[in-house]
Amino acid sequence: MDFKVLCVGDVVGNPGMDRIQRSLRYLKRKHSADFVIVNGENAAVVGMTPQQGEDILDAGADCITMGNHTWGKREIIHYMEDCPQIIRPANYAPQVPGRGWQEFETKAGTVAVIDLIGRCNMDYGPENPFLLVEKILKEISAKIILVEIHAEATSEKLAMGWMLDGRVSAVWGTHTHVPTADVQILPRGTGYVTDLGMTGPKNSILGIRPELSIQKFRGDLTDRYKWADGPTKMEAVLFTIDSATGKCKAAERVDLYE
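Residues numbered from 1 in each chain as written. Predicted model: local features only at pLDDT ≥ 70, side-chain atom pairs only at ≥ 80, totals over all residues. Heavy atoms only, no water.

S.K.: Please explain the packing of aromatic side chains as it appears in this structure.
M.R.: For any pair of aromatic rings, the description rests on two quantities: the centre-to-centre distance and the angle between the ring planes. In this structure the tally under the stated criterion is 4 aromatic pairs. Where W71 meets Y92, the ring centres are 6.1 Å apart and the plane angle is 35 degrees; that geometry is what we call tilted. Taken together, the positions of W71 in the loop between β4 (63-65) and α3 (76-82) and Y92 in the loop between β5 (86-87) and β6 (101-106) put the pair 21 residues apart, joining distant regions of the chain. With respect to burial, W71 and Y92 carry one shared label: buried. In this structure an aromatic cluster arises from ring pairing among F3, F35 and F104. (Phe/Tyr/Trp six-rings, centres within 6.5 Å; stacked < 30°, edge-to-face > 60°. Helix = DSSP H or I, 4+ residues; strand = E, 2+ residues; numbered from the N terminus. Buried < 20%, exposed > 50% of the residue type's maximum accessible area, 1.4 Å probe, protein only.)

S.K.: Could you clarify how one ought to interpret the nonpolar core in this entry?
M.R.: Here is a general trend for soluble globular proteins: nonpolar side chains tend to be buried in one another's company. In terms of nonpolar packing, the biggest core is built from 33 residues, with L6, I20, L24 and V38 touching the most fellow members. Those elements that place two or more of their residues in this core are β1 (2-8), α1 (13-30), β3 (35-39), α2 (50-58), α3 and β14 (236-242). Leave out the neighbours within four places in its chain, and L24 touches L6, V8, R19, V36, V38, I56, A59, G60, A61 and M234. (Core = buried A, V, L, I, M, F, W, Y, C linked by side-chain atoms within 4.5 Å. Contact = heavy atoms within 4.5 Å.)

S.K.: What should I look at first to understand the pairing of strand β12 (residues 198-201) in this one?
M.R.: One face of the sheet, then the other: side chains in a regular strand alternate in exactly this way. Sheet analysis places strand β2 (residues 10-11) next to β12, joined by 2 bridges and oriented parallel. Residue pairing in the sheet places D10 in a bridge with M198 of β12. In the sheet, β12 pairs with strand β13 (residues 232-234) via 3 bridges, with the strands oriented antiparallel. Bridged to G200 within β13 is K233. (Pairing = 2+ DSSP bridges.)

S.K.: What is the right way to look at the sheet that holds strand β11 (residues 191-193) in this model?
M.R.: Paired through backbone hydrogen bonds, the strands of a sheet run either parallel or antiparallel to each other. Pairing in this open sheet of 6 strands is mixed, and the strands run β6-β7-β8-β9-β11-β10 from one edge to the other. Bordering the open sheet on either side are β6 and β10 (184-185), each of which pairs with just one other strand. As judged from the 6 bridges shared by β6 and strand β7 (residues 109-117), these two strands associate in the antiparallel manner. Of the residues in β7, the one forming a bridge with E105 is T110. Sheet strands touched by helix α4 (residues 129-137): β6, β7 and β8 (144-150). Its angle to β7, the strand with the most contacts, is close to 160 degrees. Against the sheet, helix α5 (residues 154-164) makes contact with β7, β8, β9 (170-174) and β11, and its axis sits at roughly 170 degrees relative to β9, the strand it touches most. (Axes fitted to C-alpha atoms, helices over the stretch in contact; angles between N-to-C directions.)

S.K.: Would you take a moment to explain a nonpolar patch on the surface for this structure?
M.R.: A cluster of nonpolar side chains, contributed by V178, I205, L206 and I214, occupies part of the molecular surface with about 310 Å² of accessible area. Relative to the assigned elements, I205 resides in the loop between β12 and α6 (210-218). For I205, a relative accessible area of 32% translates into the label partly exposed. (Patch = residues over 30% accessible without salt bridge, like charges linked within 9 Å, V, L, I, M, F, W, Y side chains within 5 Å. Areas by Shrake-Rupley, 256 points an atom, 1.4 Å probe, with all protein chains shown as cover. Salt bridge = Lys/Arg side-chain N within 4 Å of Asp/Glu carboxyl O.)

S.K.: Mind showing me how you'd approach the environment of T180 here?
M.R.: By secondary structure assignment, the location of T180 is in the loop between β9 and β10. Sequence separation of T180 and D195 is 15 residues, and the distance between their C-alpha atoms is 5.4 Å. Ignoring anything within four residues of it in the chain, the contact list for T180 reads V193, T194, D195 and R253. At a separation of 2.7 Å, a polar atom in the side chain of T180 contacts the side chain of D182. In this structure the side chain of T180 is engaged in a polar contact, spanning 2.9 Å, whose partner is the backbone nitrogen of D195. (Polar contact = N/O pair within 3.5 Å; in protein donor to acceptor, adjacent residues only side chain to side chain.)

S.K.: Sorry if this is basic, but what is going on with the environment of Y79 here?
M.R.: Mapped onto the fold, Y79 is located in helix α3. Judged by relative accessible area, which is 14%, Y79 ranks as buried. Spatially, the C-alpha atom of Y79 lies 9.8 Å from that of E54, the residues being 25 residues apart in sequence. Apart from the residues within four sequence positions on either side, Y79 is in contact with P50, G53, E54, L57 and I86. Side chain to side chain, Y79 and E54 meet in a polar contact 2.8 Å long.

So far we have only geometry, and geometry alone does not tell us how the molecule works.
Right under this line is the structure:
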């Protein structure tokens, strides 16, 4: 049986939230997705509120992943403890709240989702994701295993994909908010893409008003980042997985633009 997983790029600000609420169920129906994963760490630009988490789940997501802005809204801490559908990077320090991976019961049986954060230019000093994921995989018996790596460096994401090729069903990257054109199935059957992209303002720099980013790079005095106005987009990848083997059969971009 084919099991289709829709992975949606980082939601940015109110425009991204509006796009998720208006279009996620449509995209899910259009591609007959069985399971939906959304990165929500920028829903409030920096972090995600509990209400935004509820709204993303109500819009059709089955799992929300986080990243380097996990703790941007401190009120998320208790909500994350109580909501198993939200996972934060597994390689954060072990004393922090939340869970770094979770198993979900689906029509294809148990599906495991692992969230990791990269170390290149992330300035968080978490545990080595390459070593930690090896430990996590020993605890998982599910055939379908999905891995997100929230990282800056394309090489780090690629290295994770190739290391896990044939051992997990799909690996995808988030964080840079720029969709990559390398959607593929690696030689041993793992679906892969370096970055999903983002969900939010189309005419922006990573979701932010262009003039604010330009000011920063010019060295000007800058204002606080604000999301851009105007048309929006939802960038996503659909992985089709053989539920009997856990191997990826197809992978394709399914971006949606206004």
